[in-house]
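Topology and contacts: notes
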Amino acid sequence: MTPGPAGLWFGGDYNPEQWDEKAGVQDDTLMREAGVNSATVGVFSWSVLEPEEGRYEFGWLDDLLDRLHSNGVRVVLATPTASPPPWFTLAHPDAMPVTRDGTQLWHGSRDTYCAAAPAYRAAAQRIAAALADRYRGHPALAMWHVHNEYGTVCWCDHAAAAFRAWLQRRHGTGREGLAALNEAWGTTFWSQRYSSWEQVLPPRATQWRANPSHSLDYRRFWSDELLASFCEQRDAIRRHTPDIPVTTNFILADFQVVDFWAWSRAVDVVAIDHYLGSAGPDSHPDIAFGADRARSWNGGRPWILMEQSTSLIYQRDRILIKEPGRMLRDSVGYLARGSDSVMFFQWRASQAGAELFHPAMLPHAGPDTRVFREVCELGRVVSQLGEIAGSTVSADVALLWDSDSWWAMEDRGIPLTDVRYLDLLRADHAALWRAGVVCDFVHPEADLARYRLVFAPGAYLISDEGAQALRSYVEAGGNVVMSFGGGMVDSSHHARPGGYPGELRDVFGIRVEEFRPLPPAGTVALTGGNQGTVWSEELRCGGAEVLASYAEGPLAGHPAVTRNSFGAGAAWYVSTHLAAEARDRLFARVLAEVGTGPVARGGAPGVEIVRRHGDGGRSWLFVLNHTPAPAVIEVSGVELLSGRQAAGQLEVPPGGVAVVREPPVG
Ligand code: GLA
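Remember, it's a predicted structure, so these values are computed and weren't measured experimentally. Residue positions within a chain follow its written sequence, with the count starting from 1. Owing to the predicted nature of the model, reporting of local features is limited to residues with pLDDT of at least 70; listing and counting of side-chain atom pairs is limited to 80 or more, with chain, interface and lining totals taken over all residues. Values reported for side chains reflect all heavy atoms of the structure, with hydrogen atoms and water molecules removed beforehand.

1. Let's talk about the overall build of the protein chain
Quick note on the threshold: Strands are runs of DSSP state E lasting at least 2 residues, helices are runs of H or I lasting at least 4, and numbering of each runs from the N terminus. When we talk radius of gyration, it's over C-alpha atoms, and the globule rule is simply 2.2 Å times the number of residues to the 0.38. Three exposure classes are used, based on accessible area relative to the maximum for each residue type with a 1.4 Å probe and protein chains only: buried under 20%, partly exposed in between, and exposed over 50%. What makes two residues a contact is simply this: any of their non-hydrogen atoms within 4.5 Å. Note that accessible areas follow from Shrake-Rupley with a 1.4 Å probe, and for residues the cover is restricted to the protein chains shown. Charge counting follows a simple rule: Lys and Arg are positive, Asp and Glu are negative, and His as well as the terminal groups are ignored. Taken as the charge centre is NZ of Lys, CZ of Arg, CG of Asp or CD of Glu, depending on the residue.
What the protein chain contains, in helices and strands, is 17 helices and 28 strands. A compact globule built from 666 residues would reach a C-alpha radius of gyration of about 26 Å, and the protein chain, at 26 Å, matches this within 12%. Principal axes of the C-alpha set define a box for the protein chain whose edges measure 75 × 75 × 45 Å. Going through the 666 residues of the protein chain one by one, you find that 59% of them count as buried. Restricting to contacts in the protein chain with at least 6 residues of sequence separation, those with at least 24 account for 70%. Summed over all atoms, the accessible surface of the protein chain reaches about 26000 Å², with 51% contributed by carbon and sulfur. Counting 59 positive and 78 negative side-chain charges, the protein chain places the centres of these two groups 2 Å from one another.

2. Some remarks on the site of the ligand
We count it as follows: Note on terminology: near, applied to a residue and a molecule or strand, indicates that one of the residue's heavy atoms is within 4 Å of it. Nitrogen and oxygen atoms within 3.5 Å of one another constitute a polar contact, given that in protein one can donate a hydrogen and the other can accept it, and given that sequence-neighbouring residues count only through two side-chain atoms. Polarity classes work like this: nonpolar for Ala, Val, Leu, Ile, Met, Phe, Trp, Tyr, Cys and Pro, charged for Asp, Glu, Lys and Arg, and polar for all others, with Gly in that last group.
Near the ligand the following residues occur: Phe44, Arg110, Asn148, Glu149, Asp273, Tyr275, Glu307, Tyr314, Phe345, Glu355 and His358. Between the ligand and His358 there is a distance of 2.6 Å, counted from an oxygen atom to a side-chain nitrogen or oxygen. If the ligand stood free it would expose 310 Å²; the protein chains cover 95% of that surface. Here the shell around the ligand is built from residues that sort into four nonpolar, two polar and five charged.

3. Examining the environment of Val98
Structurally, Val98 can be placed in the loop between α4 (86-91) and α5 (118-135). Sequence spacing of Val98 and Cys154 is 56 residues, and the spatial spacing of their C-alpha atoms is 5.3 Å. The contacts of Val98, once residues within four sequence positions are left out, are Thr103, Gln104, Val153, Cys154, Trp155 and Cys156.

4. Some remarks on unusual backbone geometry
Here the amide bond leading from Phe345 into Gln346 is cis, since omega sits at -5°, within 30 degrees of zero. Relative to the assigned elements, Gln346 resides in the loop between β11 (341-344) and α12 (370-384). Cis rather than trans, the peptide bond between Tyr500 and Pro501 has omega equal to 0°. By the secondary structure assignment, Pro501 is in the loop between β15 (479-483) and α16 (505-508).

5. So, the sheet that holds β11
Two orientations exist for strands paired in a sheet by backbone hydrogen bonds: parallel and antiparallel. Cut-off, in case you're wondering: Pairing between two strands is assigned when DSSP locates at least 2 bridges connecting them. Simply put, an axis is a line fit to the C-alpha atoms, just over the touching stretch for a helix, and the angle between two N-to-C directions goes from 0 to 180 degrees.
Overall, parallel pairing links the six strands, which are arranged β5-β4-β3-β2-β1-β11 in an open sheet. Strands with a single pairing partner mark the edges of an open sheet, and in this sheet they are β5 (246-247) and β11. One ladder, built from four bridges, connects strand β3 (residues 74-78) with strand β4 (residues 141-145); its direction is parallel. Each bridged residue has a counterpart across the sheet, and for Ala78 the counterpart in β4 is His145. Sheet strands touched by α12: β1 (9-14) and β11. Its angle to β1, the strand with the most contacts, is close to 140°.

6. Some words on helix α14 (residues 421-434)
Quick reminder of the rule: In a helix, the anticipated span is given by 1.5 Å times the number of residues less one.
Helix length check: α14, at 14 residues, gives a terminal C-alpha distance of 20 Å against a target of 20 Å (1.5 Å per residue), a fit within 8%. Of all 14 residues that make up α14, 11 are buried, and the element is covered over most of its length. Gly436 sits one or two residues past α14 and shows a positive phi near 80°.

7. Concerning the sheet that holds strand β21 (residues 559-566)
Spatial strand order, β13-β12-β14-β15-β22-β21-β20: seven strands in an open sheet with mixed pairing. Single-partner strands in this sheet number two, and they are β13 (439-442) and β20 (545-549). This sheet shows a mean twist of 20° between the axes of neighbouring strands, independent of strand direction. The sheet strands contacting α14 are β12 (397-400), β13 and β14 (453-456), and the helix crosses β12 at an angle near 170°.

8. Topic: the pattern of salt bridges
What counts is decided by this rule: One speaks of a salt bridge when a side-chain nitrogen belonging to Lys or Arg is within 4 Å of a carboxyl oxygen belonging to Asp or Glu.
If you walk through the whole model with that rule in mind, you get 41 salt bridges. For Asp340, the salt bridge is made with Arg612, and the minimal N-O distance between the two is 2.7 Å. In this pair, Asp340 sits in the loop between α11 (326-336) and β11 while Arg612 sits in strand β24 (residues 607-613), placing the two residues 272 residues apart along the sequence. Exposure remark for Asp340: the relative accessible area of 0% places this residue in the buried category. Note that Arg434 is salt-bridged to Asp584, the shortest N-O span being 2.9 Å. Linking Arg434 in helix α14 with Asp584 in helix α17 (residues 580-594), this pair joins segments that are 150 residues apart in sequence. Overall, the relative accessible area of 28% leaves Asp584 in the partly exposed class.

9. Concerning the packing of α11 against α12
Here is the rule we go by: Working definition: roughly parallel below 35 degrees, roughly antiparallel above 145 degrees, roughly perpendicular at 65 to 115 degrees, and oblique for all remaining angles. Should the near helix be turned anticlockwise from the far one by less than a right angle, the crossing is left-handed, and should it be turned clockwise, the crossing is right-handed.
Packing of α11 against α12 leaves a shortest axis separation of 9 Å and a crossing angle of 30°. One finds that α11 runs roughly parallel with respect to α12. Read as a crossing pair, α11 and α12 show a hand that is right-handed. Here α11 contributes Met327, Leu328, Ser331 and Val332 to the contact with α12, which in turn contributes Val371, Glu374, Val375, Glu377, Leu378 and Val381.

Shape is all these values report; function is a separate question.
Shown next as structure tokens:
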């Protein structure tokens, strides 16, 4: 079953067990006022639902589902397994997570569980099955939300046993399997050769640098172990409610514990939680960066924005306010890129607990507030846009996204230590955003043929299969732009011999002979007035054309940016981290050469334009004006938020949005 969400969903996490009944009555009224049609309930309710092992208290949840249903609110019902209750710790101390350095954690926060511990897995399945059994057939139940933001990693003995079993599935069992493991991990280096499986442990704290091949396999294993835990709950639920979609909320933060491609295949619909990292103009492309990934993971189908925040943005330890209008614009930004929902953490601000000052749709100060008024306005906008539900976004440009490369690149002890995978992807994605180009993300081993142009930033690790896919793609007429450090290692995290990018040297017509990371904050001038930062490389051209060279330092006169014709396609290589202006210039040239470009011509900087397509030739043009000046765009159709006919030109106010239903094509 692969259902999309039905209609547009508007609402958020709802935890009324934290308040008395009077608050519930007010919630009903205010949810109606705000146009809330969805509520995620029970996310952290385990200790209330099962106060003692095996004794359930469902009465309050029965009442809640009935109440929400009679108020016209559909329910996303969570399994509470991200936060086992205190009784669980004492009954099963071995199921608590153990850190890399051997510290056992205790309850007192959340996410205190080891997904490899049999007692945890059994308890999680039990409560999931009990909930599914209880609420099957309930008319409010619209979707299952298993767990919350899977991400806890453990290094305990249960994890060690599960890791060995995973390794045996990957590398084989017995002596032969062990030989394959020794080979894959390069254990001859530093006397790490294993002579029996019992010696194989998680990459626990050790004296100095750990073996990167070992660490990479542990990351892969842990993603799979968490996924197995998710799938057990999903399957237990499906036995009771086979027709209700099951999802879990992916957290898009700066850490990555799970492989979102593999997880996306296991959920019925992709749901993300997206909290921005900064408040300034640099954060505008970040909405698109989250949304484009969610849409791609969901195979292009409409996806769910499960959580965002109404008024605050985390920036390291500080918390910044979203200025008036920003929440609406951000929300429409997600809708523009294929979300069929606008949901928040959370409906009513908690008065106690670790997130007592976390923003909410209904703040501590109550409904007579700017935030609640903006929530009500957003609710009206979402209902005015109902007709876009189910429509999709198309792109002919893609960026590679690969957990293996992220995990490998951010290991310690490799020369790219100061380079963050996400920063590299953000830089390319933001340049495309500035150019008005909507792009997908794609796995390197996927069929790339449907894209005219593929960017490969942060592709430090490229598997043999990935290299083959890129080669065939370019050979058949595809175009690829790879950034520095590409293809340095294979899927075992072994260096590619003969110069980088390994098997792809002839595709790019270059050979990277030596890398030369720049000092912190260092820059290097390139010809044509361009500048690089972070990294430089000594390249030898074997057929590629030089588009820019280093203009100073030890590499002066050496190629920096190249282009190679290969088969029917072309491959560009960028050996340094280009500054934004230089990147924009290069991308404009590449886009023009491959014959693709922005969604709409004539857009001004800071004015984002995206199109969703429906069946029967229908389409909607979304315009987000991130600038402080009015934006005038060329468009015809009905602007849905004002109901006005746009005949040729439409003015979008500073910081405002417009959604135009275009005349159907064909
Ligand atoms: C996550 C969680 C929520 C809440 C928010 C805070 O997304 O799912 O429970 O902690 O972060 O921003």
